[in-house]
Amino acid sequence: MSVLSASVPSPAVSSRRCARLPSVGPPRSEWTSSDRQILFNRIAPVYDRLNDLLTVGQHRVWKRMSVSWSGAKKGDSVLDLCCGSGDLAFLLSEKVGPHGKVTAVDFSKDQLSIASTKQQLFWKACYQNIEWIEGDALDLPFEDATFDAVTMGFGLRNLVDRYKAFNEIYRVLKEGSRVSILDFNKSTDASVDFLQGWIIDNVVVPAGNAYGLSKEYAYLRSSIAEFLTGKEQEKMAVEVGFSNVRHYEIAGGLMGNLVASR
């Protein structure tokens, strides 16, 4: 997939809430939401290309799995949180069809600009059912019990208050509906943890450096170290009120996907 420049024209994006961001530096635990927003605006122009390169395209398989676990079906109204450049939103659009609706939320205006441009370039009739919203996953501008499914791809790890995020997801989901959350797995297996760290240090960061983004991608390792294990995600989801909660380890334990029902 070719890289779409961050200088593309402003997309049809609704702005319900926005923030601003600084230079990379402090440990992840000291980063504000604005710090994270700046980082994701910075990496937006090369985000898709590096995802394809670093995973040899496998991230597309994981995303399809995550969307399938969400239970989204024809005619549903669904929400994709931390949508980035839109991969899960496009997959959801194909699931719910032209009579369904996809609402895709992210706090990075540059990521949303790229997602909106892709919507026009890779045109399918169903893609017109996607609305891009610049917003805050911790303060969603939606009524209770609005959505038939919720997805989040590689976003939970980057939120400053994960418990609040779970509460917001629970609030906007309809009863009986599911959330599916894909992210890096914080493994309790020392060998998997070692392999994951080695890949980040020796593959991911050098690849980022080729685009002048080594510091931005170095953030990845600390964000995983401070993330929740699968069991901790399950526990938090249950505390919020979710049922049928299960965290699946995929890609040899390098990735994980939490599935839970409202």
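Our structure is the block above this text.
Note that this is a predicted model, so its numbers are computed, not measured.

### Re the nonpolar core
Piece 1. Of all hydrophobic cores here, the largest spans 30 residues; its most connected members are Leu-79, Leu-81, Val-150, Phe-166, Ile-169 and Phe-242.
Piece 2. If you list the elements that add at least two residues to this core, you get β2 (77-81), β5 (147-153), α6 (162-172), β6 (173-184), α9 (230-240) and β8 (255-261).
Piece 3. The dominant element in this core, judged by the number of residues it contributes, is α6, at 4 residues.
Piece 4. Contacts of Val-150, omitting those with residues within four sequence positions, involve Ser-70, Leu-79, Leu-81, Ile-169, Val-172, Leu-173, Arg-178, Val-179 and Ser-180.
Piece 5. Within the second largest apolar cluster, 19 residues are counted, among which are Val-67, Ala-72, Leu-91 and Val-96.

### Observations regarding the pairing of β8
Piece 1. Among the 7 residues in β8, 7 count as buried, and that is most of the element.
Piece 2. Of the two faces of β8, the one holding Met-255, Asn-257, Val-259 and Ser-261 and the one holding Gly-256, Leu-258 and Ala-260 are both buried throughout.
Piece 3. Pairing geometry for β6 and β8, over 7 bridges, is antiparallel. Its bridge partner lying in β8, Asp-183 is registered against Gly-256.
Piece 4. For strand β7 (residues 243-250) and β8, the ladder comprises 6 bridges, and the chain directions are antiparallel. Looking across to β8, one finds that Ser-243 is bridged to Ser-261.
Piece 5. Once β7 ends, the chain turns through 4 residues before running back antiparallel as β8, passing Ala-251 with a positive phi of about 55°.

### So, the side chain of Asp-106
Piece 1. By the element assignment, Asp-106 lies in strand β3 (residues 101-106).
Piece 2. Although Asp-106 is buried, it makes no salt bridge; Lys-63 carries the closest opposite charge, 11 Å away.
Piece 3. A polar atom in the side chain of Asp-106 sits 3.2 Å from the backbone nitrogen of Cys-83.
Piece 4. In terms of polar contacts, Asp-106 uses its side chain to reach the backbone amide nitrogen of Ser-108, at 2.8 Å.

### Looking at the packing of aromatic side chains
Piece 1. Summed over all chains, the structure comprises 7 aromatic pairs.
Piece 2. An angle of 10° between the planes, with centres 4.6 Å apart, marks the rings of Trp-69 and Tyr-248 as stacked. Linking Trp-69 in helix α3 (residues 58-70) with Tyr-248 in strand β7, this pair joins segments that are 179 residues apart in sequence.
Piece 3. Residue Trp-69 is classed as partly exposed on the basis of its relative accessible area, which comes to 22%.

### Quick notes on α9
Piece 1. Within α9 the residues assigned to the buried category are Gly-230, Gln-233, Glu-234, Met-236, Ala-237 and Val-240. End-on, the buried residues of α9 take up no more than an arc of 165°, which puts them together on one face. In this structure, α9 carries Lys-231 and Lys-235 as exposed residues pointing more than 90 degrees from its buried face.
Piece 2. Against α6, β7 and β8 lie the buried residues of α9.
Piece 3. One or two positions beyond α9, positive phi appears at Gly-241, with a value near 130°.

Thresholds applied
- As a convention, each chain's residues are numbered from 1 in the sequence order in which they are written.
- Where totals are concerned, whole chains, interfaces and linings use all residues; where local detail is concerned, this predicted model gives features only for residues with pLDDT of at least 70, and gives and counts side-chain atom pairs only at 80 or more.
- The side-chain numbers reported here are obtained from all heavy atoms of the structure, hydrogens and water having been left aside.
- Here, nonpolar core refers to any group of buried Ala, Val, Leu, Ile, Met, Phe, Trp, Tyr and Cys residues whose side-chain atoms link them within 4.5 Å.
- Residue burial is assigned from relative accessible area. The probe radius is 1.4 Å, only protein chains are included, and a residue is buried under 20% of its type maximum, exposed over 50%, and partly exposed in between.
- A helix here means a DSSP run of H or I that spans at least four residues, while a strand means a run of E at least two residues long, and both kinds are numbered starting from the N terminus.
- Contacts are assigned to residue pairs with any non-hydrogen atoms lying within 4.5 Å of each other.
- At least two bridges found by DSSP between two strands is the condition for calling them paired.
- By the counting scheme adopted, Arg and Lys are positive, Glu and Asp are negative, and His together with the chain ends is not counted.
- By salt bridge we mean one thing: a side-chain nitrogen of Lys or Arg within 4 Å of a carboxyl oxygen of Asp or Glu.
- Think of a polar contact as two N or O atoms within 3.5 Å of one another; within protein, one of them needs to be a possible hydrogen donor and the other a possible acceptor, and neighboring residues in sequence only count if both atoms come from side chains.
- Between the rings of Phe, Tyr and Trp (Trp by its six-membered ring), a pair exists once the centres lie within 6.5 Å; its type follows the angle of the planes, with under 30 degrees stacked, over 60 edge-to-face, and the other angles tilted.
- The reported arc concerns the directions from the helix axis to the C-beta atoms and nothing else.

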